[in-house]
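Examination of the molecular architecture
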Amino acid sequence: MTDCVFCKIVAGAIPASVVYEDESVVAFMDIGAVNPGHTLVVAKPHVADVFGLDDALAARVFQATARVARAVQAAFSPPGMSVYQANGAPAGQTVMHFHVHVVPRWPGDGMDLVWPVKNPPREELAANAAKIRAALTH
Ligand code: AMP
Ligand code: ZN
């Protein structure tokens, strides 16, 4: 996609500080880095979100994510690490090309995800689980 910033990076048309690359994935420093070492792991094909990943690409992306996370951990020794991935604007996605954030974390670094726990009743959890099981195609 010509107007996609991550496709431009994959194509080498704009600069990026690359830390890892293989035939399916490229990982580079996030230009808006929350903390030193904040890295994006990006699928090379233009896939908008997690729903567009086939099994092979999903496996390659997560294998690369774990590898990059180990390297970031070794390089920066943070006491915590967030692995974060957003799909769709309501979830906070701003670049519509699939990517995973690897974010080394320190206490008080200002990164926050509001997570209002609602503790639904067991019957509701069971009904929701049944709905998802029915939607699984394999
Ligand atoms: P998200 O909000 O999850 O879609 O994250 C998109 C991320 O892409 C943001 O953290 C941006 O800082 C980052 N970003 C946007 N453009 C570039 C770029 N040219 N190089 C590196 N990171 C970028
Ligand atoms: Zn793209």
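Overview of the structure. None of these values were measured; they are calculated from a predicted model.

With that settled, the discussion passes to the nonpolar core. Val41, Val61, Val68 and Phe98 are the most contacted members of the largest nonpolar core, which has 16 residues in total. Of all the elements in the fold, those that place two or more residues in this core are β2 (25–29), β3 (39–43), α2 (55–76) and β5 (99–105). Sorting elements by how many residues they give to this core places α2 first, with six residues. Residues in contact with Val61, not counting those within four places in the same chain, are Val25, Val41, Ala43, Phe98 and Val100. Among the nonpolar cores identified, the runner-up in size contains nine residues, and Cys4, Val26, Leu40 and Val95 belong to it.

For the rest of this paragraph, the subject is the coordination of the zinc ion (ligand 2). Those protein atoms acting as donors to the zinc ion (ligand 2) are Cys4 (SG), Cys7 (SG), His46 (ND1) and His97 (ND1), and they sit at 2.0 to 2.3 Å. Counting the intervening residues between successive donors of the zinc ion (ligand 2) yields the motif C-x2-C-x38-H-x50-H. With Cys7 in helix α1 (residues 5–10) and His46 in the loop between β3 and α2, this pair connects stretches of sequence that are 39 residues apart. Judged by its relative accessible area of 12%, Cys7 is buried. Take His46: its relative accessible area is 29%, and that puts it in the partly exposed class.

Our focus in this paragraph is the sheet that holds β5. Strand order in the open sheet made by the five strands is β1-β2-β3-β5-β4, with antiparallel pairing throughout. The two strands at the open ends of the sheet, each matched to only one other strand, are β1 (18–21) and β4 (80–84). Each adjacent strand pair in this sheet contributes to an overall mean axis angle of 15 degrees, direction not counted. The strands that α2 touches are β1, β2, β3, β4 and β5; relative to β3, the one it contacts most, it runs at about 165 degrees.

Taking a probe equal in size to a water molecule and rolling it over the atoms shows the remaining empty space. When its volume is computed, the largest pocket comes out at roughly 570 Å³. Forming the boundary of the largest pocket are 30 residues, of which Asp30, Gly32, His38, Leu40 and His101 lie nearest the centre. Those elements giving two or more residues to the lining of the largest pocket turn out to be α1, β2, β4 and β5. By residue number, the principal contributor to the lining of the largest pocket is β5, which donates four residues.

To continue, consider unusual backbone geometry. One non-glycine residue, Ser77, lies in the positive phi region at around 45 degrees. As for its position among the elements, Ser77 is in the loop between α2 and β4. Positive phi, normally seen in glycine, also occurs at Asn119, with a value near 40 degrees. With respect to the helices and strands, the residue Asn119 is situated in the loop between β5 and α3 (122–135). A relative accessible area of 64% places Asn119 in the exposed class.

Here is what the cut-offs are and how they apply
Residues numbered from 1 in each chain as written. Chains lettered and ligands numbered in written order. Predicted model: local features only at pLDDT ≥ 70, side-chain atom pairs only at ≥ 80, totals over all residues. Heavy atoms only, no water. Core = buried A, V, L, I, M, F, W, Y, C linked by side-chain atoms within 4.5 Å. Buried < 20%, exposed > 50% of the residue type's maximum accessible area, 1.4 Å probe, protein only. Helix = DSSP H or I, 4+ residues; strand = E, 2+ residues; numbered from the N terminus. Contact = heavy atoms within 4.5 Å. Donors = N, O, S within 2.8 Å, 3.2 Å for Na, K, Ca; no water. Pairing = 2+ DSSP bridges. Axes fitted to C-alpha atoms, helices over the stretch in contact; angles between N-to-C directions. 1 Å grid on protein atoms, 1.4 Å probe; cavity = no way out; pocket = protein on both sides within 12 Å on 5 of 7 lines; lining within 4 Å. Points joined across faces, edges and corners; volume = space filled by probe spheres on them.

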